[in-house]
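Listed below, chain by chain, are the residues.
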Amino acid sequence: MSMQFDPNKAIYAQIADYYYQQICSGELAPGEKLPSVRDTAQRLQVNPNTVSRAYLEMDREKITFSKRGQGTFVTMDMEDIQGLKKSLAADQMQALIKYMKRLGFSEDEMVDSLKRSLKEMKDS
C-alpha cells in the first residue's frame with residue numbers, strides 16, 4: 001500500500017477514502033478485516049493516531065465496525081456500502097461538473113461529453 005497525500009486534505013480523510021474505494025470496488029469484502037492500525041501506519045509512514053482517526057471515522061460512518069481486541073471489519077450491511085458508493089460517485093460528479101463549468105461547458109455539452117465518453121469506453 002502506497003499513497004501520495006494531497007496537502008489540501010487531511011491525511012486521515014485520505015486514508016478513509018482509500019479504504020472506502022477498496023470497499024466499494026469489492027477489494028475489501030463485507031466482513032473482511034482491515035489491516036491493523038499499526039500495520040497501516042507503518043505501510044503509509046504516518047502516525048498511528050492518524051490511522052486510528054481514519055478508522056474511527058469509518059466506524060462513525062458505519063462502513064466499518066470494530067471489535068475490541070480483534071480489529072476493524074468491513075460492514076456486512078450492503079445498503080450502507082451502496083450508500084457509500086452513491087455518495088462517492090456524487091462527490092466525483094460534483095467535482096467534474098464544477099470543473100467543466102469553469103471550462104465554459106453548457107449543461108447540454110456536459111451531457112454530450114459524458115455520453116461520448118461512455119460510448120468510447122464501451123467500444124474499446
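Residues numbered from 1 in each chain as written. Predicted model: local features only at pLDDT ≥ 70, side-chain atom pairs only at ≥ 80, totals over all residues. Heavy atoms only, no water.

Before going further, it helps to examine the packing of helix α1 (residues 11–25) against helix α3 (residues 48–60). One way to put it is that α1 packs onto α3 with a least axis distance of 8 Å and a crossing angle of 55°. Taken together, the axis directions place α1 and α3 in an arrangement best described as oblique. The two elements α1 and α3 meet at a crossing, and its hand is right-handed. Only Thr50, Val51, Arg53, Ala54, Tyr55, Glu57 and Met58 of α3 make contact with α1, whose side of the interface consists of Ile11, Tyr12, Ile15, Ala16, Tyr19 and Tyr20. Across the contact of α1 with α3, the residue classes tally to 10 nonpolar, one polar and two charged. (Axes fitted to C-alpha atoms, helices over the stretch in contact; angles between N-to-C directions. Helix = DSSP H or I, 4+ residues; strand = E, 2+ residues; numbered from the N terminus. Parallel < 35°, antiparallel > 145°, perpendicular 65-115°, else oblique. Left-handed = near helix turned anticlockwise from the far one by under 90°. Contact = heavy atoms within 4.5 Å. Nonpolar A, V, L, I, M, F, W, Y, C, P; charged D, E, K, R; others polar.)

Here we come to the confidence of the model for the protein chain. Scored by pLDDT, the protein chain comes out at a mean of 95, with 100% of its residues at no less than 70. No element of the protein chain has a lower mean pLDDT than helix α5 (residues 107–123), at 94, and none a higher one than α3, at 98. (pLDDT = per-residue confidence, 0-100.)

Once that is clear, we can look at the packing of aromatic side chains. Using the criterion set out here, one finds three aromatic pairs in the structure. An angle of 80° between the planes, with centres 5.8 Å apart, marks the rings of Tyr19 and Tyr55 as edge-to-face. With a gap of 36 residues between them, Tyr19 in helix α1 and Tyr55 in helix α3 connect regions that are remote in the sequence. In this structure, Tyr19 and Tyr55 share a single accessibility class: buried. When the centroid spacing of 5.7 Å and the interplanar angle of 25° are considered together, the rings of Phe65 and Phe73 count as stacked. On the basis of relative accessible area, Phe73 is assigned to the buried category, the value being 12%. Taken together, Tyr18, Tyr19 and Tyr55 form an aromatic cluster joined through their ring pairs. Its guanidinium or amino end placed over the ring of Tyr12, Arg53 lies 3.9 Å from that ring's centre, counting from NZ or CZ. Geometry around Phe73 places Lys67 over its ring, the cationic atom sitting 5.3 Å from the centre. (Phe/Tyr/Trp six-rings, centres within 6.5 Å; stacked < 30°, edge-to-face > 60°. Buried < 20%, exposed > 50% of the residue type's maximum accessible area, 1.4 Å probe, protein only. Lys NZ or Arg CZ within 6 Å of the ring centre and 35° of its normal.)

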